[in-house]
Amino acid sequence: RALGTAILLLLLLITSFYFITVIQKYNTLNHSLIKMKNYAFNIVESMPNGLISIDKNGAVQTINKNAVKLLGLVGKRVKGILITDLLPSCDIWKSLVSGIEINNEQINCNLTDGSSIPLSMNSRSLINESGDVIGAVIIFKDIRDIKILEKKVERTKRLASMGRMAAGIAHEIRNPLSSIKGFAQYFRNKLNSESDD
């Protein structure tokens, strides 16, 4: 009996040690997973661009604070809303469903409040380990400042063209006037001021 009790206690001790090790590994993995999740969340939130992830049905799963601010959605619940309702004028859903990736495409999006903003947009499909499309991620940035600069550059080019044209016209007018002035001075010196000639 003593030997049986000793073996039983030894088995209990080994089993307890095994379960303690498993629980410690589980806690370590769970802590690492939480750290990794927080790290990924901080990366997404710190991005200077807007980021939206959607599922295969087009419902918003993730949206970062820059996207919320840019799209004027502060204080609104966005998760679960269809991307077609969130960005009604952007035809990105058709591209995402067909698997076409968008690369730096400039899109003018009308928002739900009626305002319109130009965006530079990129999108990629999200694929699971078996190769099935499970959604998409959309990254976009506001290019209103770039559009303003483009307008200024275009205006500057037009003004420069007008300046070149004005200089060309002045040159074309100045040549005949110089000839007329030269002839007038020549005849003034050559002829008597009281003669009919």
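Residue numbering note: each chain is counted from 1, following its sequence as written. Reporting of local features is limited, given that this is a predicted model, to residues whose pLDDT is at least 70; pairs of side-chain atoms are given and counted only at 80 or more, and all residues count toward the totals for whole chains, interfaces and linings. Only hydrogens and water are removed before side-chain values are computed, so all heavy atoms of the structure are retained for them.

Asks: I'd like a rundown of the overall build of the protein, residues and numbers included.
Replies: The helix and strand labels rest on DSSP assignments: H or I over at least four residues marks a helix, E over at least two residues marks a strand, and numbering proceeds from the N terminus. When helices and strands are tallied, the protein shows five helices and five strands. Of the regular secondary structure in the protein, the N- to C-terminal order runs α-β-β-α-α-α-β-β-β-α. A compact globule built from 197 residues would reach a C-alpha radius of gyration of about 16 Å, whereas the protein, at 38 Å, exceeds it by more than 25%. The principal-axis extent of the C-alpha atoms belonging to the protein is close to 155 × 35 × 35 Å. Here's how the labels work: a residue is buried when its accessible area is under 20% of the maximum for its type, exposed when over 50%, partly exposed in between, all with a 1.4 Å probe on protein chains only. Counting every position in the protein, which comprises 197 residues, the buried fraction comes to 21%. Between two residues, a contact is recorded if the distance between any of their heavy atoms is within 4.5 Å. Sequence-distant contacts in the protein: of pairs separated by 6 or more residues, those separated by 24 or more amount to 37%. Counting rule for charge: Lys and Arg are taken as positive, Asp and Glu as negative, and neither His nor the chain ends is counted. For charged residues, the charge sits on one atom: NZ in Lys, CZ in Arg, CG in Asp, CD in Glu. In the protein, the 25 positive side-chain charges and the 17 negative ones have mean positions that sit 11 Å from each other. Here the globule rule is a power law, 2.2 Å times the number of residues to the power 0.38, and the radius of gyration is based on C-alpha atoms.

Asks: So what's going on with the side chain of S120? Which residues, and what values?
Replies: Within the secondary structure layout, S120 lies in strand β4 (residues 116–127). We classify S120 as buried; its relative accessible area is 9%.

Asks: Summarise unusual backbone geometry; cite the residues concerned and give the values.
Replies: For N104, which is not glycine, the phi torsion reads 45° and is therefore positive. As for its placement among the helices and strands, N104 is situated in strand β3 (residues 102–110).

Asks: Give me the pairing of strand β1 (residues 50–55): which residues, what numbers.
Replies: Most of β1 is tucked away: five of the six residues are buried. In this structure, β1 lies alongside strand β5 (residues 133–142), joined through six bridges in antiparallel fashion. Bridge pairing links L51 to I139 in β5. Between any two strands, pairing holds if DSSP finds at least two bridges. Pairing between β1 and strand β2 (residues 60–63): three bridges, direction antiparallel.

Asks: Outline the sheet that holds β5, listing residues and values.
Replies: The five strands are arranged β2-β1-β5-β4-β3 in an open sheet whose pairing can be described as antiparallel. Every interior strand has two partners, whereas the edge strands, β2 and β3, have only one. Within the sheet, the average angular offset between the axes of one strand and its neighbour, ignoring direction, is 30°. Relative to β4, β3 is paired through seven bridges, and the arrangement is antiparallel. Along β4, the bridge assignment pairs I107 with L119. Comment: axis = line fitted to C-alpha atoms, over the contacting stretch for helices; angle = value between 0 and 180 degrees taken between N-to-C directions.

Asks: How would you summarise the packing of aromatic side chains if you had to cite specific residues and measurements?
Replies: Centre distance within 6.5 Å is the pairing criterion for rings of Phe, Tyr and Trp, where only the six-membered ring of Trp is used; planes under 30 degrees apart are then read as stacked, over 60 as edge-to-face, and the remainder as tilted. All told, the structure shown has two aromatic pairs when counted by the stated rule. Consider the rings of Y18 and F19, whose centres lie 5.7 Å apart with planes at 65°: the pair is edge-to-face. For Y18, a relative accessible area of 51% corresponds to the exposed category. On the basis of an interplanar angle of 65° and a centroid distance of 5.3 Å, the ring pair of Y186 and F187 is categorised as edge-to-face. Residue Y186 is classed as partly exposed on the basis of its relative accessible area of 45%.

Asks: Got a sec to walk through the pairing of β4? Specific residues and values, please.
Replies: Regular strands have side chains that alternate between both faces of the sheet. With nine bridges connecting them, β4 and β5 associate as antiparallel partners. Within β5, the residue paired with I127 across the bridge is V133. In this antiparallel pair of consecutive strands, β4 and β5, the connection spans five residues, and G131 shows a positive phi of 90°.

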